[in-house]
Amino acid sequence: MLSSNVVPSSSSVTFSKPNHQFFINASPIFKPNLLCRFQAQQNLHCCRATSQLHESGLKSSKLSLMPTSQIQHSITNLSSFNRFLSHPFEFSAKPRLQIVKAASDANPEGESVAPTNPKSKNFKLALVFGMWYFQNIVFNIYNKKALNIFPFPWLLASFQLFVGSIWMLVLWSFKLQPCPKISKPFIMALLGPALFHTIGHISACVSFSKVAVSFTHVIKSAEPVFSVIFSSVLGDRYPIQVWLSILPIVLGCSLAAVTEVSFNVQGLWGALISNVGFVLRNIYSKRSLQSFKEVDGLNLYGWITIISLLYLFPVAIFVEGSQWIPGYYKAIEAIGKPSTFYIWVLVSGVFYHLYNQSSYQALDEISPLTFSVGNTMKRVVVIVSSVLVFRNPVRPLNGLGSAIAILGTFLYSQATSAKKAKKIEGEKSS
């Protein structure tokens, strides 16, 4: 009678196969009988099969590493493409250098040194300013063209805010731009800045519809004057250099207004009220949005645009809604092709949002002083471009007044930057 002793196993023979394992228990004690010999032969076959499967498993695991790296590379490319969609005209991105290094690659201090190329930095800076200026010029030209044949600034200003709102909603919906967390306190804090933004925007559009683009921008260069006055009333103190810098602004704007060929009282008041609106927006934003610093500039501007649209459009219907349909037919009759009129209006709306978006992106790339200087030069570029495109007559005294006002704006930016530098040094020393 054949018999065998079954002993609890102390060793195992393993079939190795990708993602699967099978265990066969074998006893270390064998008796010289037929059953034990059969088990020994089976175990020998199992060992050979195990070695063969183990080798094939290693090969398959090596091959499986290749798609993983390719997928990682694809994910990196996809994230870069999404960033391009959220910033369609941003050639210069804020530095996001990611360095992966081993311990042996670090210097003795444990710090990594990233080489910087001054030429590359200057080139990127030129691209940032170039796109900002280009978008602003395109907006001003096509906005004025549309207003020349369709003189209804309330509707056009509402449409520009509508385009900006749709643009931001698309970015947020497709997660091309991170959407900020919305809360009741955040919306309440935005109501004031959005109201003053609405006033500034519609007043500028009214001014553009009444006078030349160049004249509106000369008057808008007087914005620092209102900023100093309102900030002083609210308790801020400015050194004598700042007060002296606004004198040439007042003188230059006055000279330009007196000698302007296309002078119009409504156009002048529109530009002045626009300055007041944007100055109060900036002051009110600093005071009401202190607890929401985690919201970046682009998202903040996006929500201000949406709320401003809700403010403006109902008032636009009340002010000039009854004239839109007859004005539309007159515009089509004057221009001949309806598609041309549609393109002008659409381009003005898209580039209005883009140049504001680029200004926020430029603030992320450069210092406030460089931004102020760039903003001053932007007005110069826009004034010259509008004169060349629309062939507005410019008298010598008018040109001199414009130059003096722009120079005063530049001096103001220098004086205020010096004030901020002294304030920062004082905080560090204390």
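What counts and how
Residues numbered from 1 in each chain as written. Predicted model: local features only at pLDDT ≥ 70, side-chain atom pairs only at ≥ 80, totals over all residues. Heavy atoms only, no water. Helix = DSSP H or I, 4+ residues; strand = E, 2+ residues; numbered from the N terminus. Buried < 20%, exposed > 50% of the residue type's maximum accessible area, 1.4 Å probe, protein only. Contact = heavy atoms within 4.5 Å. Areas by Shrake-Rupley, 256 points an atom, 1.4 Å probe, with all protein chains shown as cover. Expected span 1.5 Å × (residues − 1). Polar contact = N/O pair within 3.5 Å; in protein donor to acceptor, adjacent residues only side chain to side chain. Core = buried A, V, L, I, M, F, W, Y, C linked by side-chain atoms within 4.5 Å. Patch = residues over 30% accessible without salt bridge, like charges linked within 9 Å, V, L, I, M, F, W, Y side chains within 5 Å. Salt bridge = Lys/Arg side-chain N within 4 Å of Asp/Glu carboxyl O. Phe/Tyr/Trp six-rings, centres within 6.5 Å; stacked < 30°, edge-to-face > 60°. Axes fitted to C-alpha atoms, helices over the stretch in contact; angles between N-to-C directions. Parallel < 35°, antiparallel > 145°, perpendicular 65-115°, else oblique. Left-handed = near helix turned anticlockwise from the far one by under 90°. Nonpolar A, V, L, I, M, F, W, Y, C, P; charged D, E, K, R; others polar. pLDDT = per-residue confidence, 0-100.

1. Examining the overall build of the protein chain
Each helix and strand counted, the protein chain has 13 helices and two strands in total. Burial analysis of the protein chain (430 residues in total) assigns 40% to the buried set. Expressed as a percentage of contacts within the protein chain between residues at least 6 apart in sequence, the contacts between residues at least 24 apart total 84%. Accessible surface, the protein chain: about 25,600 Å² in total, of which carbon and sulfur atoms supply 66%.

2. A few points about helix α7 (residues 240-259)
Compared with an ideal rise of 1.5 Å per residue, which puts 20 residues at 28 Å, α7 spans 30 Å between its outermost C-alpha atoms and is within 8% of the ideal. The complete set of buried residues in α7 reads V242, S245, I246, P248, I249, G252, C253, A256, A257 and T259.

3. Re helix α8 (residues 265-288)
The first and last C-alpha atoms of α8 sit 34 Å apart over 24 residues, in line with the 34 Å expected at 1.5 Å per residue. The N-cap of α8, judged by a side-chain oxygen 2.8 Å from the amide nitrogen of Q266 a few residues on, is N264.

4. So, the nonpolar core
Counting residues in hydrophobic clusters, the biggest one holds 24 residues, and the most contacted among them are W132, F351 and Y352. Counting residues per element, the ones that place at least two in this core are α2 (118-149), α3 (153-173), α4 (184-210), α9 (297-320) and α11 (338-365). Considering every element that reaches this core, the biggest residue donor is α11, with seven residues. Formed by 21 residues, the second largest nonpolar core is a distinct cluster that contains V211, Y238, A256 and A405.

5. Quick notes on a nonpolar patch on the surface
A cluster of nonpolar side chains, namely L195, I199, F263, V265, W269 and I273, defines an oily patch on the protein surface of about 540 Å² accessible area. Secondary-structure elements contributing two or more residues to the nonpolar patch are α4 and α8. Top element by residues in the nonpolar patch is α8. It accounts for three residues.

6. Quick notes on unusual backbone geometry
Phi at K175 is positive, roughly 60°, even though this residue is not glycine. Summarising the element assignment, K175 is placed in the loop between α3 and α4. Among the residues examined, K175 registers a relative accessible area of 73% and is labelled exposed. Of note in the backbone geometry, R391 takes a positive phi value of approximately 55° without being a glycine.

7. Quick look at the packing of aromatic side chains
Counted by the stated rule, this structure contains 18 aromatic pairs. Measuring from ring centre to ring centre gives 5.9 Å for Y352 and Y355, while their planes differ by 80°; the resulting arrangement is edge-to-face. Here the residue Y352 and the residue Y355 both occupy positions in helix α11, the gap between them amounting to three residues, near one helical turn. Linked through ring pairs, F150, F152, Y328, Y329, F341 and Y342 together constitute an aromatic cluster.

8. Remarks on the packing of α4 against α9
Put simply, α4 and α9 touch, their axes get as near as 8 Å, and they point 70° apart. Between α4 and α9, the angle is such that the two are roughly perpendicular. Read as a crossing pair, α4 and α9 show a hand that is right-handed. In contact with F186, L190, L191, P193, A194, L195, H197, T198 and I202 of α4, α9 contributes L300, Y301, W303, I304, I307, S308, Y311 and L312. Along the lines of polarity and charge, the residues of the contact of α4 with α9 split into 14 nonpolar, three polar and no charged.

9. Quick word on the environment of R379
Positionally, R379 belongs in helix α12 (residues 368-390). Excluding residues within four positions of it along the chain, R379 makes contact with H217, K220, S221, E223 and I406.

10. Observations concerning the packing of helix α6 (residues 223-233) against α8
Remark: α6 packs on α8, axes separated minimally by 9 Å, with the N-to-C direction vectors making an angle of 50°. As summarised for this structure, α6 and α8 are arranged oblique, according to the angle between their axes. The way α6 lies across α8 gives a crossing that is right-handed. The segment α6 lies against α8, with E223, F226, S227, F230 and S231 engaging L272, N275, V276, F278, V279, L280, N282 and I283. A breakdown of the residues in the contact of α6 with α8 according to their chemical character gives eight nonpolar, four polar and one charged.

11. Let's talk about the confidence of the model for the protein chain
Across the protein chain, the average pLDDT comes to 77, with 69% of residues at or above 70. Across the protein chain, element-level confidence peaks in α3 with a mean pLDDT of 96 and bottoms out in strand β2 (residues 20-26) with 41.

12. What to know about the environment of V276
Tracing the backbone through its elements, the reader meets V276 in helix α8. In the structure, V276 is positioned 54 residues away from A222 in sequence and 10.0 Å away in space, judged by C-alpha atoms.

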